[in-house]
Amino acid sequence: MVEREGRVEGRTAVVTGGCSGIGLASARRLADEGAHVVVGDLDTERGPEVAAELGGLFVRTDVTSPADVDALFGAARETYGSVDIAFNNAGISPPDDDSILVTGLDAWRRVQEVNLTSVYLCCKAALGHMTEQGRGSIINTASFVAVMGAATSQISYSASKGGVLSMSRELGVEFARHGIRVNALCPGPVNTPLLQELFASDPERAARRLVHVPMGRFAEPEEIANAVLWLASDESSFVTASTFLVDGGISGAYVTPL
């Protein structure tokens, strides 16, 4: 029997926020399919354990720091010889980001820095390597809230994800003829520590989200990781500048099933 290679065999994948949730599930999925995975995260306790599990590399990274981000992608290139996949996934959703009427400027700026500016920095660093190579796939975590409005507002989070979506689309168009694809992954609500924290702190608000999902449940991180793998692989070779929704139908729903 001929052994099949993994779908990203031998490629180097940089994953930010790779110590938990969607990032961890995606790092595992990419490693399972043959990638050299480089995890960028602030969690210096969990990070080395994750890297050891994946047979990859951990680099402590503050994604809002240009120097840290450059060092992350530089380490990937130096260690494995290329930067083929960038999954720019790190993000926050703090409780002080709420309605515009109560969200302060400091909270607004912090979310924008972590959720949007970090993606700008990571794309810039990744593109520096990918344009030299003439190939690459960049996947930026946006959200279904980038295409919908929510009455249970997290104003800075929603605005940041809209920015990620718009930036990804523009980069996908600009760099298409360089052999580089850039897509915005837009998950629906996902069963991650962030969402579990919301359930614990405000069950009513969380329940208002669940009722609108046609499938009647939240996504599991592994389901989003499967989409990341597809966008990273050659199976999606004609997909760029896309709004890639993996949301259980929430963005298409007018009335949900009984």
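Refer to the structure printed above.
Structural notes, computed from the coordinates. (Residues numbered from 1 in each chain as written. Predicted model: local features only at pLDDT ≥ 70, side-chain atom pairs only at ≥ 80, totals over all residues. Heavy atoms only, no water.)

1. Examining the overall build of the protein
Stated precisely, the cut-off is as follows: Secondary structure elements are defined from DSSP: runs of H or I of at least 4 residues count as helices, runs of E of at least 2 residues count as strands, and each element is numbered from the N terminus. For the radius of gyration, the atoms used are the C-alpha atoms, and the globule rule reads 2.2 Å times the number of residues raised to 0.38. In this scheme, a residue with accessible area under 20% of its type's maximum is buried, one over 50% is exposed, and one in between is partly exposed, where area comes from a 1.4 Å probe on protein chains only. Note on contacts: a residue pair qualifies if any of its non-hydrogen atoms lie within 4.5 Å across the two residues. The accessible surface values rely on the Shrake-Rupley method and a 1.4 Å probe; as for residues, cover is taken only from the protein chains in view.
Assigned secondary structure in the protein consists of eight helices and seven strands. For the protein, the C-alpha radius of gyration of 18 Å lies close to 18 Å, the compact-globule estimate for 258 residues. Principal-axis analysis of the C-alpha atoms places the extent of the protein at approximately 50 × 45 × 35 Å. Burial status across the protein gives 50% buried among its 258 residues. Looking at the protein alone, contacts between residues at least 24 apart form 71% of all its contacts between residues at least 6 apart. Of the roughly 12400 Å² of accessible surface on the protein, 53% is carried by carbon and sulfur atoms.

2. Notes on the nonpolar core
Selection criterion: The set of buried Ala, Val, Leu, Ile, Met, Phe, Trp, Tyr and Cys residues whose side-chain atoms join them within 4.5 Å is what this entry labels a nonpolar core.
Of all hydrophobic cores here, the largest spans 29 residues; its most connected members are Val-14, Phe-73, Met-130, Ile-138, Leu-171 and Ile-180. Among the elements of the structure, α3 (66-80), α4 (105-133), α5 (155-174) and β6 (180-187) are those that each provide at least two residues to this core. Considering every element that reaches this core, the biggest residue donor is α4, with eight residues. Setting aside chain neighbours within four positions, we find Phe-73 in contact with Val-14, Val-83, Ala-86, Asn-88, Cys-122, Ala-125, Ala-126 and His-129.

3. Structural notes on the side chain of Ser-168
Along the chain, the position of Ser-168 falls in helix α5. Excluding residues that lie within four positions of it along the chain, Ser-168 makes contacts with Asn-140, Val-182, Asn-183, Ala-184 and Ala-241.

4. Digging into a nonpolar patch on the surface
Counted only if it meets this: Like charges are joined within 9 Å and nonpolar side chains (Val, Leu, Ile, Met, Phe, Trp, Tyr) within 5 Å, but only among residues with over 30% relative accessible area and no salt bridge; these make up the patches. By convention in these notes, a salt bridge is any Lys or Arg side-chain nitrogen within 4 Å of a carboxyl oxygen on Asp or Glu.
Among the surface-exposed residues, Ile-100, Leu-101 and Val-102 lie close enough to one another that they form a single nonpolar patch of about 380 Å² accessible area. Tracing the sequence through the fold places Ile-100 in the loop between β4 (85-88) and α4. We classify Ile-100 as exposed; its relative accessible area is 62%.

5. Side note on helix α7 (residues 203-210)
The cut-off we apply is this: Here the arc refers to the set of directions running from the helix axis out to each C-beta atom.
For α7, the full list of buried residues reads Arg-205, Ala-206 and Arg-209. All buried residues of α7 lie within an arc of 100 degrees about the axis, which places them on one face of the element.

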